[in-house]
Amino acid sequence: MIFNHVQIKVKDLKTSKLFYDRVMSALGYDQVLDIPDIVIGYGTSVHDMFEIRQADQDAPLSHAVHISFNADTTKSVDDFYHLALENGGTCHGKPGPRPEYEDGYYAAFVLAPDGHNIEAVYAEQRE
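All of the points below concern the structure found in this document.

Criteria and thresholds
Within every chain, residues take consecutive numbers counted from 1 along the sequence as written. Only residues with pLDDT of at least 70 get local features here, since the model is predicted, and only at 80 or more are side-chain atom pairs given and counted; chain-wide, interface and lining totals rely on the full set of residues. Only heavy atoms go into the side-chain values, all of them from the structure, while hydrogens and water stay out. Working definition: helices are DSSP H or I runs of at least four residues, strands are E runs of at least two. Numbering for both runs from the N terminus. Based on C-alpha atoms, the radius of gyration is set beside the globule rule, defined as 2.2 Å times the residue count to the power 0.38. Each residue's exposure class comes from its accessible area (1.4 Å probe, protein chains only) as a fraction of the maximum for that residue type: buried when under 20%, exposed when over 50%, partly exposed otherwise. Under the convention used here, a 1.4 Å probe and the Shrake-Rupley method define accessible areas, while residue burial counts only the protein chains that appear. In summary, the charge assignment counts Lys and Arg as positive and Asp and Glu as negative, without counting His or the chain termini. Here the site of a charge means atom NZ of a Lys, CZ of an Arg, CG of an Asp or CD of a Glu. Definition used in this section: a nonpolar core is a set of buried Ala, Val, Leu, Ile, Met, Phe, Trp, Tyr and Cys residues joined via side-chain atoms within 4.5 Å. Between two residues, a contact is recorded if the distance between any of their heavy atoms is within 4.5 Å. One requirement defines pairing of two strands: DSSP has to find at least two bridges between them. Interaxial angles span 0 to 180 degrees and are taken between N-to-C directions of axes, which are lines fitted to C-alpha atoms, for helices over the stretch in contact. Residue count minus one, scaled by 1.5 Å, sets the expected span of a helix. This arc corresponds to the set of directions leading from the helix axis out to the C-beta atoms. Identification of polar contacts relies on pairs of N or O atoms within 3.5 Å, with a donor-acceptor requirement for protein atoms, meaning one able to donate a hydrogen and the other able to accept it, and with residues adjacent in sequence counted only if both atoms are side-chain atoms.

**Re the overall build of the protein chain**
Consideration 1: If you tally the helices and strands in the protein chain, you get two helices and eight strands.
Consideration 2: Mapped in sequence order, the helices and strands of the protein chain form the string β-α-β-β-β-β-α-β-β-β.
Consideration 3: Relative to its length of 127 residues, the protein chain is compact, with a C-alpha radius of gyration of 14 Å against a globular reference of 14 Å.
Consideration 4: For the protein chain, the spread of C-alpha atoms along the three principal axes comes to 45 × 30 × 20 Å.
Consideration 5: Scored against the burial criterion, the 127 residues of the protein chain give a buried share of 39%.
Consideration 6: For the protein chain, the exposed area adds up to about 7,200 Å²; of that, 50% sits on carbon and sulfur atoms.
Consideration 7: When the 10 basic and 20 acidic side-chain charges of the protein chain are each reduced to a single mean position, those positions are 6 Å apart.

**As for the nonpolar core**
Consideration 1: Counting residues in hydrophobic clusters, the biggest one holds 27 residues, and the most contacted among them are Ile8, Tyr20, Phe50, Ile52, Phe80 and Ile118.
Consideration 2: Going through the elements one at a time, strand E1 (5–10), helix H1 (13–26), strand E3 (39–45), strand E4 (48–54), strand E5 (66–70), helix H2 (74–86), strand E7 (105–111) and strand E8 (117–123) are the ones with two or more residues in this core.
Consideration 3: Looking at which element gives the most residues to this core, the answer is H1, with six residues.
Consideration 4: Setting aside chain neighbours within four positions, we find isoleucine 8 in contact with Tyr20, Phe50, Glu51, Ile52, Arg53, Ser62, Val65, Ile67 and His116.

**Digging into the sheet that holds E8**
Consideration 1: The four strands lie next to each other as E5-E8-E7-E6, forming an open sheet whose pairing is mixed. Looking at strand neighbours, the two that pair on one side only are E5 and strand E6 (90–97), the edges of this open sheet. Adjacent strand axes in the sheet meet at a mean angle of 15° when their direction is disregarded.
Consideration 2: Pairing of E7 with E8 involves seven bridges; the strand directions are antiparallel. Considered in E8, the bridge of alanine 108 is made with alanine 120.
Consideration 3: Against the sheet, H2 makes contact with E6, E7 and E8, and its axis sits at roughly 10° relative to E7, the strand it touches most.

**Considerations on H2**
Consideration 1: With 13 residues, H2 ought to run about 18 Å at 1.5 Å a step, and its terminal C-alpha atoms sit 19 Å apart, in line with that.
Consideration 2: When we look at burial in H2, the residues that qualify are Ser76, Val77, Phe80, Tyr81 and Ala84. Down the axis of H2, the buried side of the element spans an arc of 140°, and every buried residue falls inside it. Opposite the packed face of H2, turned more than 90 degrees from it, sit the exposed residues Lys75 and Glu86.
Consideration 3: Here the buried face of H2 lies against H1, E6, E7 and E8.
Consideration 4: Two or three places before lysine 75, at the start of H2, stands the capping residue threonine 73, its side-chain oxygen 3.4 Å from that residue's backbone nitrogen.
Consideration 5: Backbone geometry just downstream of H2 places glycine 88 in the positive-phi region, at approximately 100°.

In structure tokens, the structure reads:
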């Protein structure tokens, strides 16, 4: 784990919550924080999470964010992609191998409702 948490600000927390509830569940990440109408966190604990926060005057909307989430299998990458498209996401790269990144790198990219480039990646461990 490299981060305690990462947060992006979104236009509409309710819309984003519906999207992220589904795509994060495909990757095995649950809600671990919910401060009603302000912030929702997904991950393994409040010290290992991705947060979405309602943008407002004190927390301006995030722009041009790219976040890649680890997946345990290629199937979970596929599930992430299909759930994202079913819940308001836009294709930004269909699931498949990405040998230009490294051997064994399998990923899918979607644009979330706020236009953030969200990726799920399964990377085979090579020793």
